[in-house]
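Given next are the chains, with one letter for each unit.
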Amino acid sequence: MKSFLVIGAGKFGHHLAEYLCDMNNDVMLVDKNENLIDEYSENVTTAEIGDFTVKSNLASLGVEDYDFVFVCVGEFQESLIITNYLKELGASYVISKASSVIHEKFLLQNGADKVVYPERDNAYRMAVEYSDSSIFDYFQLSEDTGIFEIAVPESWIGKSLSRINVRKIHNVTVIAYKFNNKIFPINSPDYVFSKDEHLIVMGERENIKKLKR
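Residues numbered from 1 in each chain as written. Predicted model: local features only at pLDDT ≥ 70, side-chain atom pairs only at ≥ 80, totals over all residues. Heavy atoms only, no water.

Trainee: Sorry if this is basic, but what is going on with helix α5 (residues 101–109) here?
Mentor: Because each turn of an α-helix spans 3.6 residues, side chains separated by three or four positions end up pointing in the same direction. Buried residues of α5: His 103, Glu 104 and Leu 107, and no others. Along the axis of α5, the buried residues cluster in a sector spanning 100 degrees; they form a single face. The exposed set on the far side of α5, more than 90 degrees from its buried face, consists of Ile 102, Lys 105 and Gln 109. At the exit of α5 stands Gly 111, carrying a positive phi of roughly 115 degrees. (Buried < 20%, exposed > 50% of the residue type's maximum accessible area, 1.4 Å probe, protein only. Helix = DSSP H or I, 4+ residues; strand = E, 2+ residues; numbered from the N terminus. Arc of directions from axis to C-beta.)

So this is what it looks like as structure tokens:
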């Protein structure tokens, strides 16, 4: 079990806090909005109301004791102030939410260890998924690389992983297959592909697109 402090109980923050709690983590959710804390406090380990742009209020949370601190405040200046104070107070790892590219740059300059940009990331994920009918799901790892759920290429059906030599020829790694909404890891080079399954593969998007050609 890990400990998380989530600052900001808006749409992103409260969902994040609740999911973390569902995964058996210790989660404190804080916000200056009393109504939000009243609404979501029962879904997390602990919750607190306060203005955490005030350094003393932030210090009272014992930020240095948490494994991770998420700054999910939407307001530009407030998120920068809180991020900066967190690092000054000794928070070990700060992940801040950005609402724009400029916001992202300033957060990194103000001490964020990592910046998440959910609106942009989700928009890109949906663009990839819906612009290509052979891609059923997508998780971005870096600017060019991701994990994709794809249909089995027609030329692979009935052939083994070793025979196709996917990694060497296509520069793509086959991780698992999906059948009846369950995912099974592929651990043997002798695995034979079937048309009734989907594949979970990792690689650059351009290399994934070439698989169906």
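Trainee: When you look at the packing of helix α4 (residues 76–88) against α5 in this model, what are you seeing that I'm missing?
Mentor: Packed helix pairs are characterised by how far apart their axes lie and by the angle those axes make with each other. Contact geometry of α4 with α5 gives a least axis separation of 9 Å together with a crossing angle of 20 degrees. Comparing their axes, α5 and α4 come out roughly parallel. Crossing handedness for the pair α4 and α5: right-handed. Counted together, Phe 76, Ser 79, Leu 80 and Thr 83 of α4 and Ile 102, His 103, Phe 106 and Leu 107 of α5 form the full contact between these two elements. When its residues are assigned to classes, the contact of α4 with α5 shows five nonpolar, three polar and no charged. (Axes fitted to C-alpha atoms, helices over the stretch in contact; angles between N-to-C directions. Parallel < 35°, antiparallel > 145°, perpendicular 65-115°, else oblique. Left-handed = near helix turned anticlockwise from the far one by under 90°. Contact = heavy atoms within 4.5 Å. Nonpolar A, V, L, I, M, F, W, Y, C, P; charged D, E, K, R; others polar.)

Trainee: Honestly, the environment of Lys 32 in this entry has me stumped. Any pointers?
Mentor: Position of Lys 32 among the secondary structure elements: in the loop between β2 (26–31) and α2 (34–40). As a C-alpha pair, Lys 32 and Ala 91 span 59 residues in sequence and 20 Å in three-dimensional space. Apart from the residues lying within four places of it in its own chain, the contact partners of Lys 32 are Ile 49, Gly 50, Asp 51 and Glu 78. A polar atom in the side chain of Lys 32 sits 2.7 Å from the side chain of Glu 78. (Polar contact = N/O pair within 3.5 Å; in protein donor to acceptor, adjacent residues only side chain to side chain.)

Trainee: Sorry if this is basic, but what is going on with the pattern of salt bridges here?
Mentor: Note on pairing: side chains with opposite charge can pair once their charged atoms come close. One pass over the structure, following the stated rule, counts seven salt bridges. Between Lys 55 and Glu 88 there is a salt bridge; the shortest N-O distance is 2.7 Å. Of this pair, Lys 55 sits in helix α3 (residues 55–59) while Glu 88 sits in helix α4; the two residues are 33 residues apart in sequence, bridging distant segments of the chain. Take Lys 55: its relative accessible area is 33%, and that puts it in the partly exposed class. (Salt bridge = Lys/Arg side-chain N within 4 Å of Asp/Glu carboxyl O.)

Trainee: Whenever I open this one, unusual backbone geometry confuses me. Can you help?
Mentor: Residues other than glycine predominantly adopt negative phi, and peptide bonds predominantly adopt the trans conformation. One non-glycine residue, Asn 24, lies in the positive phi region at around 65 degrees. Considering the arrangement of structural elements, one finds Asn 24 in the loop between α1 (11–22) and β2. Here Asn 24 falls in the exposed class, since its relative accessible area comes to 60%. Although it is not a glycine, Asn 180 adopts a positive phi angle of roughly 55 degrees. Mapped onto the elements of the fold, Asn 180 is located in the loop between β9 (173–179) and β10 (182–185).

Trainee: Which parts of the structure should I look at to understand the state of the cysteines?
Mentor: Should the sulfur atoms of two cysteines be covalently bonded, the bond is a disulfide. In this structure the tally under the stated criterion is zero disulfides. Free of any disulfide, Cys 21 has its nearest neighbouring cysteine sulfur in Cys 72, separated by 15 Å. For Cys 21, a relative accessible area of 19% corresponds to the buried category. (Disulfide = S-S within 2.5 Å.)

Trainee: When you look at the sheet that holds strand β8 (residues 145–151) in this model, what are you seeing that I'm missing?
Mentor: Within a beta sheet, neighbouring strands are joined by backbone hydrogen bonds and run either parallel or antiparallel to one another. If you walk across this open sheet you meet the five strands as β7-β8-β11-β9-β10, and the pairing is antiparallel. Strands with a single pairing partner mark the edges of an open sheet, and in this sheet they are β7 (135–140) and β10. Geometrically, the sheet is characterised by an average inter-axis angle of 25 degrees between neighbouring strands, direction not taken into account. (Pairing = 2+ DSSP bridges.)

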